[in-house]
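Spelled out from the first residue to the last, the chains are:
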Amino acid sequence: MHDMEKEAHRRDAEDPGHRHLFHVPPAEGGCYPEVAYLAGNSLGLPPRATRDELLADLDAWRRLGVEGHLEAERPWLPYHELLTGPAARLVGALPTETVVMNSLTVNLHLLMVSFYRPAGRRTRIVIEDSAFPSDSYAVRSQARFHGLDPDDTVLRLKPRAGEDTLRTSDVVDLLATEGDTVALVLLGGVNYLTGELLDIPAITAAGRAAGAVVGWDLAHAVGNVPLALHDWDVDFAAWCSYKYLNSGPGALAGVFVHERHLGRADLTRFEGWWSTEAATRFEMTPTSRPPATVEAWQISNPPIFAMGPVRTSLELFDTVGMAALRERSLRLTGWLESLLDEVTADRPLTVVTPRDPARRGCQLSVRVGSGNAGELTKRLRHEHGVIADAREPDIVRFAPVPLYSTYHDCWRVADALAATVEAKP
């Protein structure tokens, strides 16, 4: 493995990424000063620019008080508009289709107010069986809200027996045969557990052909894989900003609504102070005049100090470019996969993420065949300075993030696993 360490350093010299733009935590174990951070799929690392830019916004409050709404260097009243362009470019959308607001599950509920309208036979919601629990809770509560039995209403897609990931053909076939009972398809673009990238355009087309509304939870897809939501004809999508978008714990989330739905008077929405058009907001009339943009789904005025880190991160993605990040991601994850192949060959470890690079993002999920996944991640951290995360009972997730992860980080993962997990007798 030590010859491979030299190879890792060679690759880092040729393909360095942007680690210098981020703060990397110090290691608590092992022989390297910094951690090998492979948990950006759970919480991204902070860009170095975030602190100074956030403090600058905070200083405007100190200097200007309420006048900062119009007189700050980045005025607060239209502050959310600074995030719209880069967010739209990142997800392949029009600026009128994109807004940053709230948190992910709150946004999913607000969108389902508009887009989950069960009627007649068409009542069911399709999600993947391994959907993130918050999504499961959300759709079940929506079913109950409409007076439906969630056990009958929520259709959970499972992989075939003996397989770990969904097949696109199976999803498409189900929508073709049972689509007349489906009101909403709501799937994760990249599955949080397995790292599988679903075929968003194919499934979207199948769902819409069946007469259903198709929405996507892009928590693990945005900033990880290229997206083209407008061209793919997605009805709506939502995502968080604290994973691959590196905007801090609990950071504000994003929303996409396709332009064909904008300005529709027949769509039910919850409204508030920020749902009305900006030009007449301060006329203080009792009736909202929503704009024909996704901003009609906003409710409250934006929290400026929460928006600042998202703006800083989105500007970084705008500068580097998602296409370049995807290319580096393919190289980096492919390298980690080749190293894991050697380690898992004679150990009770199995990579469950699809081997086809087109069917995954940067994350590789490893099933631990013996022992406890949580205990393994603790040992990796405290004995080797490698931070990954566990999803109980038996999955450990490794995400070499192309912005700041290195080939040497990947080597450290493989080396640490080899040292921690005993080979089969």
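Reading guide: rules and limits
- Residues numbered from 1 in each chain as written.
- Predicted model: local features only at pLDDT ≥ 70, side-chain atom pairs only at ≥ 80, totals over all residues.
- Heavy atoms only, no water.
- Helix = DSSP H or I, 4+ residues; strand = E, 2+ residues; numbered from the N terminus.
- Buried < 20%, exposed > 50% of the residue type's maximum accessible area, 1.4 Å probe, protein only.
- Polar contact = N/O pair within 3.5 Å; in protein donor to acceptor, adjacent residues only side chain to side chain.
- Contact = heavy atoms within 4.5 Å.
- Pairing = 2+ DSSP bridges.
- Axes fitted to C-alpha atoms, helices over the stretch in contact; angles between N-to-C directions.
- Domains from an automatic or database assignment.
- Buried area = accessible area lost by both parts, 1.4 Å probe.

Novice: Which residues make up the side chain of Arg 328, and what are the values?
Specialist: Residue position: Arg 328 is located in helix H11 (residues 322-344). Taking relative accessible area as the criterion, Arg 328 reaches 4% and is therefore assigned buried. At 3.0 Å, the side chain of Arg 328 forms a polar contact with the backbone oxygen of Asp 15. Each residue touching Arg 328, except ones within four places of it in the same chain, is listed here: Asp 12, Asp 15, Pro 16, Gly 17, Val 401, Pro 402, Ser 405, Thr 406 and Tyr 407.

Novice: Before we move on, can you summarise the sheet that holds strand E5 (residues 182-188) with the specific residues and values?
Specialist: Two strands in a sheet stick together by hydrogen bonds in their backbones, pointing the same way (parallel) or opposite ways (antiparallel). Reading across from one edge, E2-E8-E7-E6-E5-E3-E4 is the order of the seven strands in this open sheet, with mixed pairing throughout. Sheet topology places strand E2 (98-101) and strand E4 (154-157) at the edges, where each strand pairs with a single neighbour. Strand-to-strand, the axes of this sheet are offset by a mean angle of 20°, without reference to chain direction. Across the sheet, helix H8 (residues 168-178) touches strand E3 (124-128), E4 and E5, and the angle it forms with E4 is around 150°.

Novice: Give a detailed account of the environment of Ala 358, specifying residues and quantitative values.
Specialist: Position of Ala 358 among the secondary structure elements: in the loop between strand E9 (349-351) and strand E10 (364-368). Separated by 93 residues in sequence, Ala 358 and Ala 265 place their C-alpha atoms 39 Å apart.

Novice: Describe in detail the sheet that holds E10, supporting the description with residues and values.
Specialist: In space, the four strands of this open sheet follow the order E9-E10-E13-E12, with antiparallel pairing throughout. Looking at which strands have only one partner, the edges of the open sheet turn out to be E9 and strand E12 (389-391). Averaged over all pairs of adjacent strands, the angle between their axes in this sheet comes to 30°, without regard to strand direction. Sheet topology note: the E12/strand E13 (residues 395-398) ladder contains three bridges and is antiparallel. Within the sheet, the bridge partner assigned to Asp 389 lies in E13 and is Arg 397. Strand contacts of H11: E9, E10 and E13, with the helix running at about 15° to E10, the strand carrying the most contacts.

Novice: Run through the side chain of Arg 269, naming residues and quoting values.
Specialist: Residue placement: Arg 269 occurs in the loop between strand E8 (253-257) and helix H10 (304-320). For Arg 269, the side chain forms a polar contact with the side chain of Glu 271, separated by 2.6 Å. For Arg 269, the side chain forms a polar contact with the main-chain oxygen of Ala 296, separated by 3.2 Å.

Novice: I'd like to hear about the domain arrangement of the chain, residue by residue, with values.
Specialist: Buried accessible area, meaning the area lost when the parts come together, often serves as the stated size of an interface. For the chain, the domain assignment lists domain 1 (1-47 + 321-420) and domain 2 (77-320). Just the C-alpha atoms count here: the centres of domain 1 and domain 2 sit 29 Å apart. Counting from both sides, the interface comprises 33 residues of domain 1 and, opposite them, 27 residues of domain 2. Roughly 2,400 Å² is buried in total at the junction of domain 1 and domain 2, and carbon and sulfur atoms are behind 59% of that figure. For domain 1, the biggest contributors to the area lost against domain 2 are Gly 321, Met 322 and Arg 359; these three give 22% of the whole.

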